[in-house]
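# Close look at the chain arrangement
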Amino acid sequence: MSEKENPFKNLRPLLLSVIIGILRVFLFTELLIIAVMAYSWKKEPILFKQNHTDKGLIFLVIVLILTYLVKRNVHKLLKN
């Protein structure tokens with residue numbers, strides 16, 4: 001009798017690739033938002049501080065760093 005092939009053999013690399021693609025989209029989006037926020041900060045710094053947007057910018061940079069670290073770790077899993 002012939003052995004049955006495992007249908008989920010290539011599922012892990014495919015899922016990891018999809019996750020890496022989604023994280024790349026998040027990174028690009030976060031970079032665009034940070035660029036827009038930095039532009040508005042340069043344009044009107046007083047209004048930027050009054051709306052507490054500076055705290056949002058700091059939070060977004062932290063999220064950007066965490067997203068990058070997760071993407072890097074998932075990419076290492078794909079290599080193994």
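Residues numbered from 1 in each chain as written. Predicted model: local features only at pLDDT ≥ 70, side-chain atom pairs only at ≥ 80, totals over all residues. Heavy atoms only, no water.

The next subject is a nonpolar patch on the surface. Taken together, the side chains of Phe 8, Leu 11, Leu 14, Leu 15, Val 18, Ile 22 and Phe 26 define a hydrophobic patch exposed on the protein surface, amounting to about 680 Å² of accessible area. Of note, Phe 26 is situated in helix 1 (residues 11-43). Assessed through its relative accessible area of 46%, Phe 26 is described here as partly exposed. (Patch = residues over 30% accessible without salt bridge, like charges linked within 9 Å, V, L, I, M, F, W, Y side chains within 5 Å. Areas by Shrake-Rupley, 256 points an atom, 1.4 Å probe, with all protein chains shown as cover. Salt bridge = Lys/Arg side-chain N within 4 Å of Asp/Glu carboxyl O. Helix = DSSP H or I, 4+ residues; strand = E, 2+ residues; numbered from the N terminus. Buried < 20%, exposed > 50% of the residue type's maximum accessible area, 1.4 Å probe, protein only.)

The next thing to look at is the confidence of the model for the chain. On average, residues of the chain score 87 in pLDDT, and 96% of them reach the 70 mark or higher. Within the chain, the element-level pLDDT minimum falls on helix 2 (residues 45-50), averaging 83, and the maximum on helix 1, averaging 91. (pLDDT = per-residue confidence, 0-100.)

This part covers the side chain of Glu 30. Within the secondary structure layout, Glu 30 lies in helix 1. It turns out Glu 30 is buried and unbridged, and the closest side chain with the opposite charge, Lys 71, is 12 Å from it. Not counting chain neighbours up to four residues away, the residues in contact with Glu 30 comprise Leu 60, Val 63, Leu 64 and Thr 67. (Lys, Arg positive; Asp, Glu negative; His and termini not counted. Contact = heavy atoms within 4.5 Å.)

A few words now on the packing of helix 1 against helix 3 (residues 53-79). Following both chains from N to C, one finds helix 1 and helix 3 inclined at 160°, their axes separated by 9 Å at the closest point. As far as their axial angle goes, helix 3 and helix 1 are roughly antiparallel. Between helix 1 and helix 3 the crossing geometry is left-handed. Grouping the constituent residues of the contact of helix 1 with helix 3 by class yields 22 nonpolar, 5 polar and 4 charged. (Axes fitted to C-alpha atoms, helices over the stretch in contact; angles between N-to-C directions. Parallel < 35°, antiparallel > 145°, perpendicular 65-115°, else oblique. Left-handed = near helix turned anticlockwise from the far one by under 90°. Nonpolar A, V, L, I, M, F, W, Y, C, P; charged D, E, K, R; others polar.)

Ranked by size, the top nonpolar core spans 7 residues in total: Leu 27, Ile 34, Met 37, Phe 48, Leu 57, Leu 60 and Leu 64. Taken together, the elements giving at least two residues each to this core come down to helix 1 and helix 3. Sequence-distant contacts of Phe 48, defined by excluding residues within four places in its chain, comprise Met 37, Ser 40, Trp 41, Thr 53, Asp 54 and Leu 57. (Core = buried A, V, L, I, M, F, W, Y, C linked by side-chain atoms within 4.5 Å.)

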